[in-house]
Amino acid sequence: MTWPLEDDAAWRPVRQHWSLPEGLTYLNHGSFGLPTRAVIQVQGQYLDRAAAEPMDFFVRELEPELIAARDRLADFVGADRGNLVFVENATYGMNVVAESVGLAAGDEVVMTTHEYGAVFRIWHRKCEEVGARVVEAKLPPRLESSDEIVDAVLAALTPKTKLVVFSHITSATAMKLPAERITRAVQDRGVAVCIDGPHAPGILPLELDALGCEYYTAVCHKWLSAAHGTGFLYVHPQVQATVRPSLLSWGRVQPAVPETWQDEFTWTGTRDMATYLSLPAALDFLAEFGWETLRRRTHYLARYARESIANLTGHDALIPDEEDWYGAMITMPLRNDGRPWVEFRDTLRSRFQIEALVYDVNEQRFIRTSCYLYNTKDDVDHLVEALRVLLY
Ligand SMILES: Cc1ncc(COP(=O)(O)O)c(C=O)c1O
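Residues numbered from 1 in each chain as written. Predicted model: local features only at pLDDT ≥ 70, side-chain atom pairs only at ≥ 80, totals over all residues. Heavy atoms only, no water.

**Details of the site of the ligand**
Step number 1: Looking at the ligand, the residues that line it are Asn-89, Ala-90, Thr-91, Tyr-116, Ser-171, Asp-196, Pro-198, His-199, Val-219, His-221 and Lys-222.
Step number 2: Between the ligand and Asp-196, the relevant distance is 2.6 Å, taken from a nitrogen atom to a side-chain nitrogen or oxygen of the residue.
Step number 3: Between an oxygen atom of the ligand and a side-chain N or O atom of His-221, the distance comes to 2.9 Å.
Step number 4: About the coverage of the ligand: the protein hides 88% of its 390 Å² of free accessible area.
Step number 5: The residue inventory of the shell around the ligand, partitioned by class, reads four nonpolar, five polar and two charged. (Near = heavy atom within 4 Å. Polar contact = N/O pair within 3.5 Å; in protein donor to acceptor, adjacent residues only side chain to side chain. Areas by Shrake-Rupley, 256 points an atom, 1.4 Å probe, with all protein chains shown as cover. Nonpolar A, V, L, I, M, F, W, Y, C, P; charged D, E, K, R; others polar.)

Here is the structure:
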């Protein structure tokens, strides 16, 4: 089927594939994606199997099914099947990287000023532990060209830089960063690269081996609509020998013994494995729509949100209006009416049944609108009307 990108009537029934309550305008898939009903069903089947026959499930059947799901993911993100492991989320993956890079006293880790708060915490703590430091590459408030991003990162490098960490798509500011260009430029100076990619799978076509970064950590529970707790860590073959899980367990299902870096992540202790095992159901579901359709429809809605909010407020986004700069999410400046951002966010929910990300930077308020396949322009119109009532 060919999906008419602009025709909301065709898209309205699609919402039934998620468990969204009637009346909720959910524009925050970027914070918490919703697994599809099909994923939840498959997840439930695996949980039933684990509950009924744990010996069969964990010991006799799990490993080949887990490896098949992992291989499917590796193929999807353009990675050799030996270069990727499941981890429960990007946070776990990033912690593994922080423990594995061999950071020492005097080293520097460069991060852009747009990185995710928890990722800053991971690197600050690690740096404090060993006497290293985080150096921020400051991006200009309003961006016109990707050269500005590459230049800002390069300007932060010194002979002490051990690693550069940056998002593929930034979280709060919802901006695509030029990952290939940054990676090449940084590696040309002999520095390793770790990309924080939770917003990329599904929204950007990924070819991780070709991208060539040393580390890439991401999740499937955002834009692939997989079960919460489905993430992965990609590691380039050149640095795999130094990577190990943060928590040590058997590595593989006994009596098998781990032989590779990847094996060490297969059995990390008894846990819910249904998250990983239901990932193929998420990929199957989205493949039915087509990956181009997913990207184009969600960008179409994000662009509609951009135009509609700018028309209301008189203020545009801080990035160019081009698909190279944003995908399914757009962040817009808003008037700050003085109430704390949490209160404003929760007022959107309690008075208008709208969920969206709201935050402040130095008193300037922003709203990030995330658009997914269950959204229509009605959702954006409803948000704009709520903003008009509350602020304008
Ligand atoms: C850019 C970025 N990095 C890391 C994370 C952490 O993801 P998780 O909570 O799934 O580990 C997020 C979550 O929103 C994010 O947006």
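Once the structure has been displayed, the description carries forward.
**Quick word on the pairing of strand β5 (residues 161-167)**
Step number 1: Judged by how many residues are buried, β5 sits mostly within the fold: six of seven residues are covered.
Step number 2: Both β5 and strand β6 (residues 192-196) contribute to a ladder of five bridges, which runs parallel. By the bridge assignment for β6, Ser-167 is matched with Asp-196.
Step number 3: Of the crossover connections in this fold, the one passing from β5 over helix α7 (residues 179-188) to the parallel β6 is right-handed. (Buried < 20%, exposed > 50% of the residue type's maximum accessible area, 1.4 Å probe, protein only. Helix = DSSP H or I, 4+ residues; strand = E, 2+ residues; numbered from the N terminus. Pairing = 2+ DSSP bridges. Right-handed = clockwise from strand over helix to strand, strands pointing away.)

**A few points about the packing of aromatic side chains**
Two measures describe an aromatic ring pair: the distance that separates the ring centres and the angle between the ring planes.
Step number 1: Overall, the coordinates contain 18 aromatic pairs when judged by the stated rule.
Step number 2: An angle of 80 degrees between the planes, with centres 5.7 Å apart, marks the rings of Trp-18 and Tyr-372 as edge-to-face. Here the residue Trp-18 occupies a position in the loop between α1 (8-11) and β1 (25-26), and Tyr-372 occupies one in the loop between β12 (364-370) and α13 (377-391), the gap between them amounting to 354 residues. Each of the two residues, Trp-18 as well as Tyr-372, counts as buried.
Step number 3: What links up through ring pairs into an aromatic cluster is the set Trp-3, Trp-11, Trp-18, Tyr-26, Trp-223, Phe-285, Phe-289, Tyr-372 and Tyr-374. (Phe/Tyr/Trp six-rings, centres within 6.5 Å; stacked < 30°, edge-to-face > 60°.)

**Describing the domain arrangement of the protein chain**
Interface size is often expressed as the accessible area that is lost when the parts come together.
Step number 1: Domain boundaries assigned for the protein chain yield domain 1 (8-35 + 290-391) and domain 2 (42-277).
Step number 2: Between domain 1 and domain 2, the C-alpha centre-to-centre distance is 27 Å.
Step number 3: Domain 1 puts 30 residues into the contact, and the matching count from domain 2 is 29 residues.
Step number 4: A buried area of about 2200 Å², summed over both sides, lies between domain 1 and domain 2, and 57% of it is on carbon and sulfur atoms.
Step number 5: Summed over the three residues of domain 1 that lose the most area to domain 2, namely Arg-295, Leu-318 and Trp-325, the buried surface amounts to 27% of that side.
Step number 6: Viewed at the interface, domain 2 and domain 1 are joined by zero salt bridges. (Domains from an automatic or database assignment. Contact = heavy atoms within 4.5 Å. Buried area = accessible area lost by both parts, 1.4 Å probe. Salt bridge = Lys/Arg side-chain N within 4 Å of Asp/Glu carboxyl O.)

**A short note on the nonpolar core**
Step number 1: Core analysis: the largest hydrophobic core is formed by 109 residues, its most contacted members being Tyr-216, Leu-348 and Ile-367.
Step number 2: Shared between two domains, this core takes at least three residues from each, and those domains are domain 1 (8-35 + 290-391) and domain 2 (42-277).
Step number 3: In this structure, Leu-348 is in contact with Gln-353, Ile-354, Val-358, Ile-367, Leu-383, Ala-386, Leu-387 and Leu-390, ignoring residues within four places of it in sequence.
Step number 4: With 29 residues, the next largest nonpolar core counts Tyr-92, Leu-233, Val-243 and Phe-265 among its residues. (Core = buried A, V, L, I, M, F, W, Y, C linked by side-chain atoms within 4.5 Å.)

**Remarks on the sheet that holds β5**
Strands pair in a sheet through their backbones, by hydrogen bonds, and they do so in one of two ways: parallel or antiparallel.
Step number 1: Spatial ordering of the open sheet is given by β2-β8-β7-β6-β5-β3-β4, a layout of seven strands whose pairing is mixed. With partners counted over all chains shown, the strands left at the sheet margins are β2 (84-87) and β4 (133-137), one partner each. Strand-to-strand twist in this sheet, taken as the mean axis angle between neighbours without regard to direction, amounts to 20 degrees. (Axes fitted to C-alpha atoms, helices over the stretch in contact; angles between N-to-C directions.)

**With respect to the environment of Gly-93**
Step number 1: Relative to the assigned elements, Gly-93 resides in helix α4 (residues 90-100).
Step number 2: Distance from Gly-93 to Leu-233, taken between C-alpha atoms, is 5.4 Å for residues 140 residues apart in sequence.

**Thoughts on α13**
Step number 1: Under the 1.5 Å per step criterion, the end-to-end length of α13 is 21 Å for 15 residues, consistent within 8% with the ideal 21 Å.
Step number 2: Listed in full, the buried residues belonging to α13 are Lys-377, Asp-379, Val-380, Leu-383, Val-384, Ala-386, Leu-387, Leu-390 and Leu-391. (Expected span 1.5 Å × (residues − 1).)

**Thoughts on the sheet that holds β12**
Step number 1: Pairing is antiparallel across the open sheet formed by three strands, whose spatial order is β9-β12-β11. On the outer flanks of this sheet lie β9 (329-334) and β11 (357-361), each paired with one strand and no other. Within this sheet the neighbouring strands show an average axis-to-axis angle of 25 degrees, counted without direction.
Step number 2: With five bridges joining them, β11 and β12 adopt antiparallel strand pairing. Within β12, the residue paired with Val-361 across the bridge is Gln-364.
Step number 3: The sheet strands contacting helix α11 (residues 291-313) are β9 and β12, and the helix crosses β9 at an angle near 10 degrees.

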